[in-house]
Amino acid sequence: MSWNPALSHDSPDAVSADAIETLIIPRARDLGGFEVRRALPAPKRQMVGPFIFFDHMGPVEFLTGSGIDVRPHPHIGLATVTYLFQGEFQHRDSLGSNQMIRPGEVNWMVAGSGVTHSERTSVETRAGGPHGLFGIQTWVGLPEAAEEMGATFEHQGRDALPLIEDGGVSL
């Protein structure tokens, strides 16, 4: 897996350097055969707004038969937002959710008082030949009043999300 070594990560020039408050260098974390780069928390920046973790996955290419296997694990008192730019994987949780996530879609899982979930490359995707994955997962700290709410899972397909285009840029 590569973070894209073709991109320059040189320091900015003296003028733009004054505008930078904190430079965060993500740390690699192994999730059981799959590596993500975690930008938050960082030594000098524990949170950005409500975001307590920010994970960057890929871009990575998997051989036929392989993929991600983030085994079932619990969460409490937070929510996750997952967005993919490339590839797909299957989300399953203790609420009974069983959802594929694909590029342009969003999964929003609120752990609240507790949920267990997994994220894995589906059997169909593994069998379909080499495949890639590239995405982000942010972890949102819930307000104290919501930490004990019941867990929920919501999936929004590509068509449900707004598209803003301006100046040759799509968001």
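One can find the structure itself at the top, above this paragraph.
Conventions and cut-offs
Residues numbered from 1 in each chain as written. Predicted model: local features only at pLDDT ≥ 70, side-chain atom pairs only at ≥ 80, totals over all residues. Heavy atoms only, no water. Pairing = 2+ DSSP bridges. Helix = DSSP H or I, 4+ residues; strand = E, 2+ residues; numbered from the N terminus. Axes fitted to C-alpha atoms, helices over the stretch in contact; angles between N-to-C directions. 1 Å grid on protein atoms, 1.4 Å probe; cavity = no way out; pocket = protein on both sides within 12 Å on 5 of 7 lines; lining within 4 Å. Points joined across faces, edges and corners; volume = space filled by probe spheres on them. Nonpolar A, V, L, I, M, F, W, Y, C, P; charged D, E, K, R; others polar. Buried < 20%, exposed > 50% of the residue type's maximum accessible area, 1.4 Å probe, protein only. Salt bridge = Lys/Arg side-chain N within 4 Å of Asp/Glu carboxyl O.

**Q** How do you make sense of the sheet that holds strand 3 (residues 51-62) when you look at a structure like this?
**A** The strands that make up a sheet pair up through hydrogen bonds in the backbone, lying either parallel or antiparallel. In spatial order, the strands read 1-2-3-10-5-8-11; together these 7 strands make up an open sheet with antiparallel pairing. The sheet is open, and its two edges are formed by strand 1 (27-30) and strand 11 (152-156), each paired on a single side. Here the strands of the sheet are splayed against their neighbours by 20 degrees on average, with no regard to which way each runs. Relative to strand 3, strand 2 (residues 35-40) runs antiparallel, the two sharing 4 bridges. Along strand 3, the bridge assignment pairs V36 with M57.

**Q** Can you help me understand the sheet that holds strand 7 (residues 98-101) in this one?
**A** Taken in spatial order, the 4 strands line up as 4-9-6-7 in an open sheet, and their pairing is antiparallel. Every other strand in the sheet has two partners, leaving strand 4 (69-75) and strand 7 as the edge strands with one partner each. Taking each pair of neighbouring strands and ignoring which way they run, the sheet shows an average axis angle of 20 degrees. The pairing of strand 6 (residues 89-93) with strand 7 spans 4 bridges and is classified as antiparallel. Bridged to Q90 within strand 7 is M100.

**Q** Explanation requested: empty space enclosed by the protein in the structure shown.
**A** Unoccupied space between atoms shows up once a probe the size of one water molecule is rolled over them. For the coordinates displayed, the defined rule picks out 1 cavity of 30 Å³ or more. By volume, the largest cavity is sized at about 30 Å³. In this structure, the largest cavity is lined by T80, T82, H91, N107, W108, M109, H117, E119 and Q137. The set of elements that each furnish at least two residues to the lining of the largest cavity consists of strand 5 (78-86), strand 8 (106-110) and strand 9 (115-120). Residues that form the lining of the largest cavity fall into these classes: 2 nonpolar, 6 polar and 1 charged.

**Q** Whenever I open this one, the pairing of strand 2 confuses me. Can you help?
**A** Note on strand geometry: in a regular strand, side chains alternate between the two faces of the sheet. With respect to burial, strand 2 is a largely interior element, 5 of its 6 residues being buried. Across 4 bridges, the pairing between strand 1 and strand 2 is antiparallel. Each residue of the ladder has a partner; that of D30, found in strand 2, is E35.

**Q** Would you explain the pattern of salt bridges in this entry?
**A** Side chains bearing opposite charge may pair, as long as their charged atoms lie close to each other. Under the criterion given, the structure shown has 3 salt bridges. Among the ionic pairs, D55 bridges to R38, the shortest N-O distance being 2.6 Å. With D55 in strand 3 and R38 in strand 2, this residue pair connects regions lying 17 residues apart in the sequence. Judged by relative accessible area, D55 falls into the buried class, the value being 5%. In this structure R38 comes out as buried when scored by relative accessible area, which is 6%. R126 is the salt-bridge partner of D69, the closest N and O atoms lying 2.7 Å from each other. With D69 in strand 4 and R126 in helix 2 (residues 123-127), this residue pair connects regions lying 57 residues apart in the sequence. Residue D69 is classed as partly exposed on the basis of its relative accessible area, which comes to 23%. What makes R126 buried here is its relative accessible area of 15%.

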